[in-house]
Amino acid sequence: MVLAAVADPPVRRGSDYAQLSRRISGAGLLERRPARYAARIALTLGAFAAGWVAVFLVGDSWWQLLIAVGLAVVTTQVAFLGHDAGHRQMFRRRGPSETVGLLCGNLAVGLSYGWWVDKHNRHHANPNHEDEDPDVGAGALVWSYEQAIGTRGLGRWLARRQAYLFFPMLLLEGLNLHVSSIRAVVGRGPDGRFGTPMRHRAVEGLLLAVHTAGYLGALLLAMSPGKALLVAAVHQGLWGLYMGCAFAPNHKGMPMPTADDELDFLRKQVITSRNVRGGRVIDLALGGLNYQVEHHLFPNMPRANLRRAQPIVRAYCAERGIPYVETGLVESYRQALAHLHEVGRPLRG
């Protein structure tokens, strides 16, 4: 299996989605904006580099903990660039997109680009589908009554309290992403074949190794081992928290279709997604993921065009009687946590 960018949606002439797609295309919102992305890449990577320069300038000082907080923010922004590259929002050609994805993901962040694209492909194809979407598969958190009832031991203890533990558990998400990336690059199935498809497995492995060596080496050169360990813990913990907080509002607490639900592409994407209201600050903080409905309908649409596409999509959904959900950021978290709490109810007796 050859892994490409995150798959574009199917378009059938005459379907509801095809009509919406023609409106969006007619408005020029699917056209790439390479100059805009070049500026975004330069500014984001510049801030990322400045953060690491600050690490060496501050040296063996407790002020490094404040630097770690800033690094968590810019690391997440770099990860957002990898997300956009995976969707080919930046460039039409595969080569430049993969180059940005590998450099931002594997080298800068320590996150396997190939693993993420494979996982994200499956999510976009069947969002919030318990059996098909890896983002709602049973794990440290459970998303359905069936998953909750199937837990045992520590997993059951966590499922009972998962709404209260959600944000603290996100502090471990950064570590989980690193471990999952390494497993994806080297992991093989019982048949001896690699479990995760990747176009550039050797390059990904090399870049992850360079990232790990460079990250640990930079911290140990700049400060004492004790401070380095604490700075790494703060940086990685807050990065995982930020990543989780950016992705949690999008689908958690929204309907979860099953195999019995017959939904076309348009309705499957809209009813499972939630937008987050806000201005430019929210756009920047969530990397454009606050326009989740538009992003799922047109995954290769440049991030900067999502805001302009929203009124077109919202009006079209109103015409077709399709529920279009949009909330504030705090309310989105409340709905997600309410869902997690409800799912754990059978275990609380």
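Just above sits the structure.
Residues numbered from 1 in each chain as written. Predicted model: local features only at pLDDT ≥ 70, side-chain atom pairs only at ≥ 80, totals over all residues. Heavy atoms only, no water.

(A) A look at the overall build of the protein chain. Assigned secondary structure in the protein chain consists of 15 helices and two strands. Relative to the 2.2 N^0.38 estimate, which gives 20 Å for 349 residues, the radius of gyration of the protein chain is 21 Å and therefore close to what a compact globule would have. Reported as C-alpha extents along the three principal axes, the dimensions of the protein chain are approximately 60 × 55 × 45 Å. Residue burial in the protein chain is summarised as follows: out of 349 residues, 50% are buried. Here the contacts in the protein chain between residues at least 6 apart in sequence split such that 71% fall between residues at least 24 apart. As displayed, the protein chain offers around 16200 Å² of accessible surface, 63% of which is attributable to carbon and sulfur atoms. Of note, the protein chain has its 38 positive side-chain charges centred 4 Å away from the centre of its 26 negative side-chain charges. (Helix = DSSP H or I, 4+ residues; strand = E, 2+ residues; numbered from the N terminus. Rg over C-alpha atoms; globule rule 2.2 N^0.38 Å. Buried < 20%, exposed > 50% of the residue type's maximum accessible area, 1.4 Å probe, protein only. Contact = heavy atoms within 4.5 Å. Areas by Shrake-Rupley, 256 points an atom, 1.4 Å probe, with all protein chains shown as cover. Lys, Arg positive; Asp, Glu negative; His and termini not counted. Charge placed at Lys NZ, Arg CZ, Asp CG, Glu CD.)

(B) Region of interest: the nonpolar core. Ranked by internal contacts, the top residues of the largest apolar core, which has 41 residues, are Trp52, Val55 and Leu219. Counting residues per element, the ones that place at least two in this core are α2 (34-58), α3 (64-86), α4 (94-109), α5 (113-125), α8 (173-186), α9 (201-222) and α10 (225-251). For this core, the element with the highest residue contribution is α3, accounting for nine residues. In contact with Trp52, not counting residues within four places along its chain, are Leu71, Tyr215, Ala218 and Leu219. By size, the runner-up hydrophobic cluster in this structure holds 19 residues, among which are Tyr17, Leu29, Leu297 and Cys317. (Core = buried A, V, L, I, M, F, W, Y, C linked by side-chain atoms within 4.5 Å.)

(C) Structural context of the side chain of Asn305. Structurally, Asn305 is set in the loop between α13 (292-297) and α14 (306-320). Polar side-chain contacts of Asn305 include one of 2.8 Å to the side chain of Arg33. Beyond its immediate chain neighbours, meaning those up to four positions away, Asn305 contacts Gly28, Leu29, Glu31 and Arg33. (Polar contact = N/O pair within 3.5 Å; in protein donor to acceptor, adjacent residues only side chain to side chain.)

(D) Structural detail: the pattern of salt bridges. Tallying each qualifying case throughout the model produces 14 salt bridges. Where Asp16 meets Arg320, a salt bridge forms, and the shortest distance between an N and an O atom there is 3.3 Å. Here the residue Asp16 occupies a position in helix α1 (residues 16-26), and Arg320 occupies one in helix α14, the gap between them amounting to 304 residues. For Arg345, the salt bridge identified is with Glu342, shortest N-O distance 2.8 Å. Residue class for Arg345 comes out partly exposed when judged on its relative accessible area of 42%. Here the salt bridges do not stand alone but share partners, grouping Asp16, Arg23, Asp264, Arg267, Glu319 and Arg320 into one network. (Salt bridge = Lys/Arg side-chain N within 4 Å of Asp/Glu carboxyl O.)

(E) Molecular detail of the packing of aromatic side chains. Within this structure, the stated rule accounts for six aromatic pairs. Centre to centre, the rings of Tyr17 and Phe298 are 5.5 Å apart; their planes meet at 25°, and the pair counts as stacked. On the criterion of sequence distance, the pair formed by Tyr17 in helix α1 and Phe298 in the loop between α13 and α14 is long-range, its members being 281 residues apart. Each member of the pair Tyr17 and Phe298 is classed as buried. An angle of 85° between the planes, with centres 6.2 Å apart, marks the rings of Phe80 and Tyr242 as edge-to-face. In this pair, Phe80 is assigned in helix α3 and Tyr242 in helix α10, connecting sequence segments 162 residues apart. For the pair Phe80 and Tyr242, a shared accessibility class is recorded, and that class is buried. Site record: aromatic cluster; members linked through ring pairs are Tyr17, Phe265 and Phe298. Above the face of the Phe194 ring, Arg188 is positioned so that its terminal group lies 3.9 Å from the ring centre. Sitting over the ring of Phe194, Arg201 keeps its end group 3.9 Å from the ring centre. (Phe/Tyr/Trp six-rings, centres within 6.5 Å; stacked < 30°, edge-to-face > 60°. Lys NZ or Arg CZ within 6 Å of the ring centre and 35° of its normal.)

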